[in-house]
Amino acid sequence: MGFLHLFIVNKSGGLILHRPLGQSAPRIGTNEWLRIGSTFHSLHAIAAEASPVKLPGNKNSAGADDGIEEIRGGGLILKCLQTRTGVKFVITAEPGTSDLDAVLREIYVLYSDCALKDPFYELEMPIRCELFTNAIDNLIEKVESGGFKTR
């Protein structure tokens, strides 16, 4: 059990970060990652519009904040957290990996604390913040060693 990949997609469907999180993560080229990010963004938007049930607490009556939250496959779990600004944090993991929701929320906090406070980072652009990537690595290491406490 373990984490495989993290990717972050901006509100326009552009991939702003992709990162393998474990040794068992398949190696994927940059062009494939760009395709995966934009395809997921499109599928997320279609799912939000096609959903007959709106999520509780959704402030948008059209359901635009709904969409794909989780996909479970034979050997993969894909979990998505969409922020109010439309940025999607997506993590993939092996089945049986726990705390995916808490890890996604913590990655969002790290994004807010590290990337957004970087004076050289521009919104909607690829994230090139070493502090952020180091913080993600430390978080994943802490979760896998059992030292991660949910808030």
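Residues numbered from 1 in each chain as written. Predicted model: local features only at pLDDT ≥ 70, side-chain atom pairs only at ≥ 80, totals over all residues. Heavy atoms only, no water.

Draft legend 1. Structural detail: helix α2 (residues 100-115). The end-to-end C-alpha distance of α2 is 21 Å, a good match for the 22 Å that 16 residues give at a rise of 1.5 Å each. Of the residues making up α2, those classed as buried are Leu-100, Ala-102, Val-103, Leu-104, Glu-106, Ile-107, Leu-110, Tyr-111, Cys-114 and Ala-115. Check the buried side of α2 and you find it contacts β1 (3-9), β4 (77-82), β5 (88-93) and α3 (130-145). (Helix = DSSP H or I, 4+ residues; strand = E, 2+ residues; numbered from the N terminus. Expected span 1.5 Å × (residues − 1). Buried < 20%, exposed > 50% of the residue type's maximum accessible area, 1.4 Å probe, protein only. Contact = heavy atoms within 4.5 Å.)

Draft legend 2. Representation of the packing of α2 against α3. Remark: α2 packs on α3, axes separated minimally by 9 Å, with the N-to-C direction vectors making an angle of 155°. By the angle between their axes, α2 is roughly antiparallel relative to α3. By crossing handedness, the relation of α2 to α3 is classed as right-handed. Of the residues in α3, those in contact with Val-103, Glu-106, Ile-107, Leu-110, Tyr-111, Cys-114 and Ala-115 of α2 are Leu-131, Phe-132, Ala-135, Ile-136, Leu-139, Ile-140 and Val-143. Residues belonging to the contact of α2 with α3 are distributed by class as follows: 13 nonpolar, no polar and one charged. (Axes fitted to C-alpha atoms, helices over the stretch in contact; angles between N-to-C directions. Parallel < 35°, antiparallel > 145°, perpendicular 65-115°, else oblique. Left-handed = near helix turned anticlockwise from the far one by under 90°. Nonpolar A, V, L, I, M, F, W, Y, C, P; charged D, E, K, R; others polar.)

Draft legend 3. Highlighting the environment of Cys-80. Along the chain, the position of Cys-80 falls in strand β4. Placed 11 residues apart in sequence, Cys-80 and Ile-91 show a C-alpha to C-alpha distance of 6.6 Å. When residues no more than four places from it in sequence are discounted, the contact partners of Cys-80 are Phe-40, His-44, Ile-68, Glu-69, Lys-88, Phe-89, Val-90 and Leu-104.

Draft legend 4. A look at the sheet that holds β4. Strand order across the open sheet formed by five strands is β2-β1-β5-β4-β3, with antiparallel pairing between neighbours. The strands lining the two open edges of the sheet, one partner per strand, are β2 (15-20) and β3 (70-72). Ignoring which end each strand starts from, the neighbouring axes of this sheet average 10° apart. As paired strands, β3 and β4 are joined by three bridges and run antiparallel to one another. Looking across to β4, one finds that Arg-72 is bridged to Ile-77. Where α2 meets the sheet, its contacts fall on β1, β4 and β5, and the angle it forms with β5 comes to roughly 135°. (Pairing = 2+ DSSP bridges.)

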